[in-house]
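# Reading the structure
Here are the chains, one letter per residue:
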Amino acid sequence: MAELREGRPSIAGSARVRLGHSELTVRPIGLGCMGMSQFYGAADDAESIATLRAAVDMGVDFFDTSDIYGAADVGARANIRGFGHNEHLIGNAIGGRRNEVVLATKFGARLNADRTRVIFDGRPEYVNAACEASLRRLGVETIDLYYYHRLDPNVPIEDTVGAMAELVQAGKVRSVGLSEVSPELIRRAHAVHPIAALQSEYSLWERRLERGITATCRELGITVVPYSPLGRSALTGALTPNSTFAPTDFRTTNPRFSATNLATNLRPVEALKRLSMQKGCKPGQLALAWLLAQPLDVVPIPGTKRKEYVRENLAATNIAISADEVAYLSEVFSPGSIIGARYDSAHAAGVDEPRDG
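First, a word on scope: everything that follows refers to the structure included in this document. (Residues numbered from 1 in each chain as written. Predicted model: local features only at pLDDT ≥ 70, side-chain atom pairs only at ≥ 80, totals over all residues. Heavy atoms only, no water.)

## Quick notes on the sheet that holds strand S5 (residues 102-107)
What counts here: Any two strands between which DSSP finds at least two bridges are classified as paired. The helix and strand labels rest on DSSP assignments: H or I over at least four residues marks a helix, E over at least two residues marks a strand, and numbering proceeds from the N terminus.
Read from one edge to the other, the open sheet built from seven strands follows the order S3-S4-S5-S8-S9-S10-S11, with strand pairing classed as parallel. One side of each edge strand has no neighbouring strand; the edge strands of this open sheet are strand S3 (31-32) and strand S11 (223-227). Pairing between S3 and strand S4 (residues 62-64): two bridges, direction parallel. Looking at the pairing, Gly32 lines up with Asp64 of S4.

## Looking at the packing of aromatic side chains
The criterion, for reference: Stacked, tilted and edge-to-face are the three classes assigned to paired rings of Phe, Tyr and Trp, where Trp is represented by its six-membered ring and a pair needs centres within 6.5 Å; plane angles under 30 degrees give stacked, over 60 edge-to-face, the rest tilted. Accessible area is worked out with a 1.4 Å probe on protein chains only. A residue is then buried under 20% of its type maximum, exposed over 50%, and partly exposed in between.
Overall, the coordinates contain five aromatic pairs when judged by the stated rule. Summarising the aromatic geometry, the rings of Tyr202 and Trp290 are spaced 5.9 Å apart at their centres and angled 65° between planes, so their arrangement reads as edge-to-face. Here the residue Tyr202 occupies a position in the loop between strand S10 (195-201) and helix H6 (213-220), and Trp290 occupies one in helix H9 (residues 283-292), the gap between them amounting to 88 residues. Summarising the aromatic geometry, the rings of Trp205 and Phe257 are spaced 5.6 Å apart at their centres and angled 35° between planes, so their arrangement reads as tilted. Taken together, the residues Trp205 in the loop between S10 and H6 and Phe257 in the loop between S11 and helix H7 (259-265) connect sequence positions 52 residues apart. You can call Trp205 buried: its relative accessible area is 3%.

## Considering the pattern of salt bridges
Quick note on the threshold: The salt bridge criterion pairs a side-chain nitrogen of Lys or Arg with a carboxyl oxygen of Asp or Glu, the two atoms within 4 Å.
Throughout the structure, instances matching the rule amount to 25 salt bridges. In this structure, the salt-bridge partner of Asp144 is Arg98, at a minimum N-O distance of 3.0 Å. One end of the pair, Asp144, is in strand S8 (residues 143-148); the other, Arg98, is in the loop between helix H2 (85-93) and S5, and 46 residues separate them in sequence. Assessed through its relative accessible area of 3%, Asp144 is described here as buried. Two residues, Arg188 and Glu184, come together in a salt bridge whose shortest N-O distance is 3.8 Å. Of this pair, Arg188 and Glu184 are both found in helix H5 (residues 183-192), four residues apart, which corresponds to roughly one turn of the helix. Taking the relative accessible area as the measure of exposure, Arg188 reaches 30% and is therefore partly exposed. By relative accessible area, which is 46% here, Glu184 ends up partly exposed. One salt-bridge network, in which partners are shared between bridges, spans Arg110, Asp121, Arg123 and Glu125.

## Concerning helix H10 (residues 307-314)
The criterion, for reference: Directions from the helix axis toward the C-beta atoms define the arc. Should any heavy atoms of two residues lie within 4.5 Å, those residues are counted as being in contact.
For H10, the full list of buried residues reads Val310, Asn313 and Leu314. Buried residues of H10, viewed axially, fall in a sector of 100°; they line one side. Check the buried side of H10 and you find it contacts S3, helix H1 (45-58) and H9.

## Points about the packing of helix H3 (residues 124-138) against helix H4 (residues 157-169)
Inclusion rule: All axes here are fitted lines through C-alpha atoms, helices being fitted over the stretch that makes contact, and every angle between N-to-C directions spans 0 to 180 degrees. To sort the angles, those under 35 degrees are grouped as roughly parallel, those over 145 as roughly antiparallel, those from 65 to 115 as roughly perpendicular, and the leftovers as oblique. By the definition used in this description, the sense in which the near helix is turned from the far one sets the handedness, with an anticlockwise turn below a right angle giving left-handed and a clockwise turn giving right-handed.
Relative orientation of the contacting elements H3 and H4 amounts to 40°, with a least axis distance of 8 Å. Considering the angle they form, H3 stands oblique to H4. By crossing handedness, the relation of H3 to H4 is classed as right-handed. Between H3 and H4, the residues in contact are Pro124, Val127, Asn128 and Cys131 and Asp159, Thr160, Ala163, Met164 and Leu167, respectively.

## Let's talk about the pairing of S5
For S5, the tally of buried residues reaches six of six residues, placing the bulk of the element in the interior. On S5, burial covers both faces: Val102, Ala104 and Lys106 on one face and Leu103, Thr105 and Phe107 on the other are all buried. One ladder, built from three bridges, connects S4 with S5; its direction is parallel. Opposite Phe63, over in S5, you have Leu103 as the bridge partner. As paired elements, S5 and S8 share four bridges and run parallel to each other. By the bridge assignment for S8, Phe107 is matched with Tyr148.

Interpretation note: all reported values are geometric properties and have no functional meaning in isolation.
What follows is the structure in structure tokens.
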């Protein structure tokens, strides 16, 4: 095993995590709902609604969506369901159970006038209009956590977050979040209104957040909400170097899943699989346990369309992982072990990457 590093035991399944300095608390693992509308191949609305309702029955109380989920993919490669589809889906699923769920949605990514590409809009007037539309689609009076989804380079973040603060004052939003922004922008936004959560990609597979962002969130008391915590399924052990994806699957355009990169990127997953076998759990559960053991407030939101995977992911809160095991996995998946950009150039737009160092 590698040298011991700072860590903490996994959070017990009954524990709750506070979202920043807000009054909102959630269980340690939420549910990312994007794949129910687009990006990962075909989805069935009836099955998705059944999964959402079953997730609530299982104790999941944190659902994540966005107004853009379901709209045309970048470049109109696959116009899947339509703008707002995912919010409509969740609104239908939680009817009568609103008080059992903390709802997070996002704004800032929208379609251009001819609906051929995604653009980013952080104008204060758009913030208010987007919120009103999301409230209608979700069928709720208040959004619990409202994220600025992707950065608009033409609008100072202070102006956008200022408009979000007005939504809090109006009672339409309970707390404010950001997504995929650097430490500098987190601090600038936090100075305008307390940021409850930062949602960015973070996992054994993708650790750029450790370049100053996790430290900034710890300092400011911001909860980290990792999306794609299972490396877009790579950390589940289900992929092989010969895996292929449907034409509508986002991974067909992702450099990390290219034929030339995937074989290299799955090598450290073999060590994860071996350790999970020794511990009597699934590789994905161990990958989630690694996240839960990080020294910060963290709530991963693995996405799935199926009930059995919701149950499997939730069981990760019961996996005991030692500081030695956390350090070992951190070493196995050290920077440079996963090759290829995490997005192609089109999908990378609006992502404010942390700098090296």
